[in-house]
Amino acid sequence: MKLVVDLTRCQGYAQCAFLAPNAFTMHGDGEALLYDPEPSDDLRERVLRAAAACPVQAIVLDRGPVEDGSQRAAAAAARRGDMDEEFLRTGRIVIVGASLAGTRAAGALRYQGFTGSLTLIGDESAEPYDRPPLSKQVLEGWVPAEHTGLPRRDAIEADWRLGVAATGLDLAAKQVRLADGSSVGFDRLLITTGVRARPWPNPDEAALDGVLVLRTRQDADRLRRLFAARPNRVLVIGAGFTGSEVASVCRELDVPVTVAEAGPAPLVAALGGGIGAIAADMHREAGVDLRCGVMVTALEGENGRLRRARLSDGSTLDVDVAVAALGGVRNVDWLEGSGLAAGPWGVACDAGCRAFDANGLVTDDVFVAGDVARTPQPLFGYELLALEHWGNAVAQAEVAAHNMISDEAHRWPHLALPVFWSTQFGTEIKSVGVPNIADQVVVAQGSVADRRFVATYGRRGRLVGAVTFDQSKWLEFYGRQIERGAAFPPASRTVDQPDRLQPSAAEFPTRPIPTQDATVVLTGHDPAERRATLLPS
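Not measured: the values here are computed from a predicted model.

Along its sequence, the protein is carved into domain 1 (2–62), domain 2 (70–196 + 330–410), domain 3 (203–326) and domain 4 (434–505). Once you take the C-alpha centre of each, domain 2 and domain 4 turn out to be 34 Å apart. Each partner contributes to the interface: domain 2 provides four residues, whereas domain 4 provides five residues. With both chains or domains summed, domain 2 and domain 4 bury close to 390 Å², and 87% of this area falls on carbon and sulfur atoms. Among the residues of domain 2 in contact with domain 4, Leu379, Phe380 and Leu385 are the three that bury the most area, contributing 85% of the side total. The tally of links between domain 2 and domain 4 comes to zero salt bridges. There are zero residue pairs in polar contact (both at pLDDT 80 or more) connecting domain 2 and domain 4.

For the rest of this paragraph, the subject is the environment of Phe186. Mapped onto the elements, Phe186 comes out in the loop between strand S10 (183–185) and strand S11 (188–191). Residue Phe186 is classed as buried on the basis of its relative accessible area of 1%. It is 20 Å that separates the C-alpha atoms of Phe186 and Asp333, two residues lying 147 residues apart in sequence. Those residues in contact with Phe186 that lie beyond four places of it in its chain are Arg92, Val94, Leu169, Lys174, Gln175 and Val176.

Because side chains alternate across S11, one face comprises the buried residues Arg188 and Leu190, and the other comprises Leu189 and Ile191, equally buried. Taken together, the three bridges between S11 and strand S25 (residues 362–368) define a ladder with parallel strand orientation. Residue pairing for S25: Leu190 is matched across the bridge by Phe367.

A separate point is the nonpolar core. Grouped together as the largest cluster of nonpolar side chains are 66 residues, with contacts concentrated most on Val234, Leu271, Ile275, Tyr457 and Phe469. Counting residues per element, this core draws most heavily on helix H9 (residues 268–285), which supplies seven residues. Each residue touching Phe469, except ones within four places of it in the same chain, is listed here: Leu271, Ile275, Ile278, Met282, Thr427, Glu428, Ile429, Arg451, Arg452 and Phe453. Grouped together as the second largest cluster of nonpolar side chains are 54 residues, Ala58, Leu150, Cys353 and Ala401 included.

Take the pattern of salt bridges next. Taken as a whole, this structure holds 25 salt bridges when the rule is applied. Arg188 is paired through a salt bridge with Asp365; the nearest N and O atoms lie 3.3 Å apart. Placement of Arg188 in strand S11 and of Asp365 in strand S25 is noted, with a sequence separation of 177 residues between them. Among the ionic pairs, Asp289 bridges to Arg291, the shortest N-O distance being 3.1 Å. In the salt-bridge network here, residues are joined through shared partners; they are Glu300, Glu302, Arg308 and Arg310.

Because the α-helix completes a turn every 3.6 residues, residues three or four places apart line up on one side. Along its 15 residues, helix H10 (residues 390–404) runs 21 Å from first to last C-alpha, staying within 8% of the 21 Å computed at 1.5 Å per residue. In terms of burial, H10 is largely enclosed, as 13 of its 15 residues are buried.

By convention here, two paired aromatic rings are described through the distance between centres and the angle between planes. Counted according to the given criterion, the structure contains seven aromatic pairs. Relative to Phe420, the ring of Phe241 has its centre 4.8 Å away and its plane inclined at 65 degrees; by these criteria the two rings are edge-to-face. In this pair, Phe241 sits in helix H8 (residues 241–252) while Phe420 sits in strand S28 (residues 419–424), placing the two residues 179 residues apart along the sequence. Accessibility expressed as a relative area gives 23% for Phe241, which makes it partly exposed. Between Trp390 and Trp421, the aromatic rings sit 6.2 Å apart at their centres with planes inclined by 65 degrees, giving edge-to-face as the arrangement. With Trp390 in helix H10 and Trp421 in strand S28, this residue pair connects regions lying 31 residues apart in the sequence. Looking at Trp421, the relative accessible area reads 10%, which means it is buried. Here the aromatic residues Trp474, Phe477 and Tyr478 are joined through ring pairs into a cluster of three or more.

The rules behind each value
- Counting of residues starts from 1 at the beginning of each chain's written sequence and follows it residue by residue.
- The predicted origin of the model limits local features to residues at a pLDDT of at least 70 and limits the giving and counting of side-chain atom pairs to 80 or more, whereas totals for whole chains, interfaces and linings rest on all residues.
- Only hydrogens and water are removed before side-chain values are computed, so all heavy atoms of the structure are retained for them.
- Those domain boundaries reflect an automatic or database domain assignment.
- Residue contacts are counted whenever heavy atoms from the two residues lie within 4.5 Å of one another.
- Using a 1.4 Å probe, buried area is obtained as the accessible area two parts lose upon being combined, added over both of them.
- One speaks of a salt bridge when a side-chain nitrogen belonging to Lys or Arg is within 4 Å of a carboxyl oxygen belonging to Asp or Glu.
- Side-chain atoms alone can form a polar contact between residues adjacent in sequence; in general such a contact is a pair of N or O atoms within 3.5 Å, and within protein one must be able to donate a hydrogen while the other accepts it.
- Working definition: helices are DSSP H or I runs of at least four residues, strands are E runs of at least two. Numbering for both runs from the N terminus.
- Buried residues are those whose accessible area, probed at 1.4 Å on protein chains only, stays under 20% of the maximum for their type, while exposed residues exceed 50% and partly exposed ones sit between those limits.
- Strand pairing is assigned whenever DSSP detects at least two bridges linking the two strands.
- By nonpolar core we mean a set of buried residues, namely Ala, Val, Leu, Ile, Met, Phe, Trp, Tyr and Cys, connected to one another through side-chain atoms within 4.5 Å.
- In a helix, the anticipated span is given by 1.5 Å times the number of residues less one.
- When the centres of two rings from Phe, Tyr and Trp lie within 6.5 Å, Trp using its six-membered ring, the rings pair. Their planes under 30 degrees apart give stacked, over 60 give edge-to-face, and anything left gives tilted.

Below you can see the structure in the form of structure tokens.
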């Protein structure tokens, strides 16, 4: 049995932990849920009861078909509209990227009636797996890294090309080139290549034994082994979500850890300076040696092994392990020269997940979903945003799959409200909306001192985001307020609300305009010949 918990839906009711305590456990004050993605067979009945009892149905697990096939086919046909039935039987769909979004899209295609050729291409040789447990359950040693496989509603009948990377795309010939020298033809293509961890920038220093990133199963397993060996000190470079979660695990394991963060506070890019300062207090109270406004300038080793780190404030640290938590790099290298609007910002697409070409035109047969997609968000001024969150990858993949096999009149827009979560220092942090476009923030409910509160974010008098610390039951309420364009500060009366709401500056770092990363050359004068060409970045 395999399972995942959609923690964007989980509201901490803890029914699962009560009914199947060997598969689910709550950390902290009943808010931070951890789970075993592959519980043993003797727990099957308990896990099934837990899934059925979950008030918000957040547990997804292998259980086989759950509805009559003919009824499902009829319902899917109605959703697709006047789609070419011949394509459904004989068409060729290729998905490049065989992780969460790619696997979810493949399952949705089969579920909705596509019986033609389906190929999934992935650069990792392992079966698709879930990444959030890697920085939590796996690092703590609660579950092994290989027990993070993704559940599937049914076995997905497809040509799985695992362990071979895509190296190029020929749009005119409709061919994906692979690292083994072969090519795969397609009628429609879905790009779900996601992101990879940004490595430590000095290759020689990055090659030292003890320096690593955290993105793959192999990364998590290696880091778990290093932690189990009881290092004298771990250095975490960067205090975003991954870095903060790694630091949290270190303290859970009673491993000394220093966090070096170039910004003024942890999570400042996602939560802003004010709320980030609360996160900083959590670090320090847990025993983390947190150093903000400081950069690591060099990593030094002896005999190929990491020994020390030099910081921008002139200090030196003796460290055995260094984790570079510097964010992600979108996997678009293989698209260079393809003619798509792809670059460090991701792959631009419309709300229906259809990719833009370099001229800004929508392609008919190339779709994109997940972390690599940059999509317009109508609620936020139609700004093109790339969202590296589990829930967004799932929702967008299913929209993309539907649109690939539906007629124009029945295509769906991807309008899911962004949601993310993080578990650190026994606290569940969740967010809805896009807080980092806000100019103001206010604590609308709860107590900062008790670390149980809701912070709401506003931009030009409208609510655009909310962040909860161990108050996830309120997330859905604020999500509905954001969807309705509610005023900021919130006017709704709620429980545990301060007598007076006093907004303050959100204190987000200055963000560059994403298109500044693109260099485009325009050629031609006649409208029929006018073209844009992206230069390599």
